[in-house]
Amino acid sequence: MKITKIDIMLIDMDAPDNPGWQPIVCRVYTDVGIYGDGEAALAYGRAHRAAFGMIQDLAELVIGMDPLENEVIWEKLYKSTFWGQNGGPVVFAGISALDIALWDIKGKYFQVPVYRLLGGKMHDRLRCYASQLQFGWGSRKTPACSIEDYVNNARKAVEEGYDAIKIDFFTFSPDGHRFNHEETTRMQTPERVNMVISRLAAVREAVGPNVDIIMENHSYIDAQVAVQLGRLAEPYGVVFFEEPTTPNPKMNKFVADRVKLPIAQGERIYTRWGYAPYFEDGSIQLIQPDIGNCGGITEAKKICDMAHVYDVGVQAHVCAGPLSTAAALHLETAIPNFTIHEHHVYNRYDYNRRLCIYDYQPVNGYFTVPELPGLGNELSDYCFSHSTKVTIS
């Protein structure tokens, strides 16, 4: 079996409440009629066009290769591209998209779900949390500004069966202004500190003691502010303090040594080489590798196995289209150190749900892994009719 051509698509989304959202996907074809789909998880921020180009550059290197030899292909893309070694999100998002598609092909070829190829099902059900409630918990993005907004969003998620939620309490001001990096770094004023902690306290009171709260920070705050807020958050039973500061081992260690909250980090850490320092210094308790930008399923499995050596839990970062959700479920089902699955509010929006032929959603706060061959999902016709598409053959 050989790879014959690859379609790379930058999807033109109709998302008026989220204008910067542009998923990047690919479909890898073979000479036996089997194809596989993959995704580069850089739909947000300022990198989608770079990822679109990166996949095109990498695709030229794998035409004619055997898609079942994912390790051979991964090593080629890593070692023969010059920028692969010690690369960053764009390089590894490109590798990830192709690698995910190869696993989809492999599962279809052997007529088994991907998790079977990863070693089997360790978890029948995957606990998940309602993620990013500062954007609401509905079918469209609705910024949370007042304490009542945070409380109502949290209660809505809990009423749907979730016993874990994640919120960035430092995203919007009470008047609806979105804080920028200049406003969230260096020691904060008592007014802003009180704003964050008051929101956390109100949510804890509203959901009670039996709901886990993950305190998100998106690395917008620096190490000093992370310590300032982290210490004040300790009485409220925060289960993980996520991206408390710049994803840098020394800064992460600075925070971990000064607060009594477990640290979660990883959506901007790439490959096993990037994770190694965090494991070695013990400054991270939950890793959050994004399969769509850390190096794909091939690399994510290695990262998770390394984490297991250090008693570090895993929650795959999922903030992309439905293909990324499927890939995360297969990985998380197959690893012993799975902790919880992220169900991002974006996965509830119609413009994302239409990107694949199946719409997998959790029930009462739990997911089950797709049982169809391969990923168990594939790109819908919408992706092909509403995208800028390049074919490499």
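Residues numbered from 1 in each chain as written. Predicted model: local features only at pLDDT ≥ 70, side-chain atom pairs only at ≥ 80, totals over all residues. Heavy atoms only, no water.

- In the annotation of an unreviewed UniProt entry, the protein is listed under the name Mandelate racemase/muconate lactonizing enzyme family protein and assigned to Candidatus Flavonifractor merdigallinarum.

## Considerations on the packing of helix α1 (residues 48–62) against helix α2 (residues 70–79)
Stage number 1. Interhelical geometry of α1 versus α2 gives an angle of 125° and a closest axis separation of 10 Å. Taken together, the axes of α1 and α2 lie oblique to each other. Here α1 and α2 pass one another in a crossing that is right-handed. Contact residues: Leu-58, Leu-61 and Val-62 in α1; Ile-73, Lys-76 and Leu-77 in α2.
Stage number 2. Taken together, the residues of the contact of α1 with α2 sort by class into 5 nonpolar, no polar and 1 charged. (Axes fitted to C-alpha atoms, helices over the stretch in contact; angles between N-to-C directions. Helix = DSSP H or I, 4+ residues; strand = E, 2+ residues; numbered from the N terminus. Parallel < 35°, antiparallel > 145°, perpendicular 65-115°, else oblique. Left-handed = near helix turned anticlockwise from the far one by under 90°. Contact = heavy atoms within 4.5 Å. Nonpolar A, V, L, I, M, F, W, Y, C, P; charged D, E, K, R; others polar.)

## Observations concerning the UniProt feature "domain: Mandelate racemase/muconate lactonizing enzyme C-terminal" (unreviewed entry) in the protein
Stage number 1. UniProt tags residues 147–262 as "domain: Mandelate racemase/muconate lactonizing enzyme C-terminal" (unreviewed entry).
Stage number 2. In this annotation, residues 147–262 is assigned 47% helix and 12% strand; the end-to-end C-alpha distance for the span is 25 Å. (UniProt positions renumbered as here; feature names shortened; annotations may be inferred.)

## Structural notes on helix α12 (residues 322–334)
Stage number 1. With 13 residues, α12 should cover 18 Å at 1.5 Å per step; its first-to-last C-alpha distance of 19 Å lies within 8% of that length.
Stage number 2. With 13 of 13 residues buried, α12 lies mostly within the body of the structure. (Expected span 1.5 Å × (residues − 1). Buried < 20%, exposed > 50% of the residue type's maximum accessible area, 1.4 Å probe, protein only.)

## Thoughts on the environment of Leu-42
Stage number 1. When you line up the elements, Leu-42 lands in the loop between β3 (35–40) and α1.
Stage number 2. As a C-alpha pair, Leu-42 and Phe-52 span 10 residues in sequence and 9.4 Å in three-dimensional space.
Stage number 3. Setting aside residues up to four positions removed in sequence, Leu-42 forms contacts with Ile-24, Ala-47, His-48, Ala-51, Pro-89, Val-90, Ala-93 and Asn-293.

## Observations concerning the state of the cysteines
Stage number 1. In total, this model carries 0 disulfides according to the counting rule given.
Stage number 2. With no disulfide of its own, Cys-145 lies 19 Å from the sulfur of Cys-319, the closest cysteine sulfur.
Stage number 3. The class of Cys-145 is buried, set by a relative accessible area of 15%.
Stage number 4. Left unpaired, Cys-319 is separated from the closest cysteine sulfur, that of Cys-294, by 15 Å.
Stage number 5. For Cys-319, a relative accessible area of 6% puts it in the buried group. (Disulfide = S-S within 2.5 Å.)

## Details of the pairing of strand β2 (residues 24–30)
Stage number 1. Of all the 7 residues making up β2, 7 are buried; the element is thus mostly covered by neighbouring parts of the structure.
Stage number 2. The alternating pattern of β2 places Ile-24, Cys-26, Val-28 and Thr-30 on one face and Val-25, Arg-27 and Tyr-29 on the opposite face, and all of these are buried.
Stage number 3. Sheet topology places strand β1 (residues 3–11) next to β2; 7 bridges connect them, and they run antiparallel. Bridge assignment links Ile-6 to a residue of β2, and that residue is Val-28.
Stage number 4. Of the strand pairs in this sheet, β2 and β3 are connected by 6 bridges, and their pairing is antiparallel. (Pairing = 2+ DSSP bridges.)

## Side note on the sheet that holds β2
Stage number 1. Sheet architecture is open: 4 strands sit in the order β3-β2-β1-β13, paired in antiparallel fashion. The open sheet has two free edges, formed respectively by β3 and β13 (387–392), since each of these has just one partner strand. On average, each strand axis in the sheet is inclined to that of its neighbour by 20°, with strand direction left out of account.
Stage number 2. Packed onto the sheet, helix α3 (residues 89–110) meets β1, β2 and β3 and runs at close to 150° relative to β3.

## Some points on the pattern of salt bridges
Stage number 1. Scanning all chains against the criterion turns up 21 salt bridges.
Stage number 2. The partner of Lys-302 in a salt bridge is Glu-71, with the nearest N and O atoms 2.7 Å apart. Note that Lys-302 is positioned in helix α11 (residues 296–309) and Glu-71 in helix α2, a separation of 231 residues in sequence.
Stage number 3. According to the relative accessible area criterion, Lys-302 is partly exposed, its value standing at 22%.
Stage number 4. Glu-71 gets classed as partly exposed once you look at its relative accessible area, which sits at 45%.
Stage number 5. Salt bridges here are not isolated pairs; linked through shared partners, they connect Arg-27, Asp-37, Asp-104, Lys-108 and Glu-378. (Salt bridge = Lys/Arg side-chain N within 4 Å of Asp/Glu carboxyl O.)

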